[in-house]
Amino acid sequence: DGLTGGGDGNRSARIPAPFDGAGAGLATLPAAGTYYIIANSFSPNETGNYSLTLNLGTNCPTQAITAGQTTTGQQLTTSDCRLPFDGSFMDVYTFEGTAGQQLSITMTSTAFDAYLLLYDPAGFLIDENNDGGGGTNARIPDTSGTITLPVSGTYRIYANAVAPGLTGAYQLSV
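Residues numbered from 1 in each chain as written. Predicted model: local features only at pLDDT ≥ 70, side-chain atom pairs only at ≥ 80, totals over all residues. Heavy atoms only, no water.

**Q** Explain the pairing of strand E4 (residues 89-97) residue by residue, including any values.
**A** Of all nine residues in E4, eight are buried, a share of seventy percent or more. Pairing analysis gives three bridges linking strand E1 (residues 62-64) to E4, with the strands arranged parallel. Looking at E4, one finds that Gln63 is bridged to Tyr93. Relative to strand E11 (residues 153-161), E4 runs antiparallel, the two sharing eight bridges. Considered in E11, the bridge of Val92 is made with Tyr158. (Buried < 20%, exposed > 50% of the residue type's maximum accessible area, 1.4 Å probe, protein only. Helix = DSSP H or I, 4+ residues; strand = E, 2+ residues; numbered from the N terminus. Pairing = 2+ DSSP bridges.)

Structure below.
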């Protein structure tokens, strides 16, 4: 479920596969312990040199948010955590969701182009959005309606800018 090939003529893979197929993805390991990485060729009898890179995510501070809450006075700043796959600044929010719960998430800003990512309790990206909130505002799901949470647990929202280096005030609503 989490493998994607490189489109640049080189053979490459990334685990997990990104939601948008763009070559970026994160996984949250479910428990402490020993994990094994197995490197293998795609086709039988292929041999050759390869490189393997393991990027460890940062433990960014999180802020709790609840359904029906709207934040005030939030800022993306140069001291915030950075999204590992593009280096843009982000704030991380968590909320407790239940299977079947319906909600929407909106991020608005007049200072930068907002971007939202929503991760399930296992650490898999389940939705993301750039301009679905109108103009340069982000909304999950896109434009209108609600998203139905697939499982119960702690969800993560990455409140983010669409590109590296962008900072400023924003508001987040769940």
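**Q** Go over the state of the cysteines, please, and point to the residues and values.
**A** In this structure the tally under the stated criterion is one disulfide. Note on cysteine connectivity: Cys60 is disulfide-linked to Cys81, with sulfurs 2.2 Å apart. Between Cys60 and Cys81 the sulfur-sulfur dihedral comes to about -130°; the bridge is accordingly left-handed. Of this pair, Cys60 sits in the segment before E1 while Cys81 sits in strand E3 (residues 81-82), and the two are 21 residues apart along the sequence. (Disulfide = S-S within 2.5 Å.)

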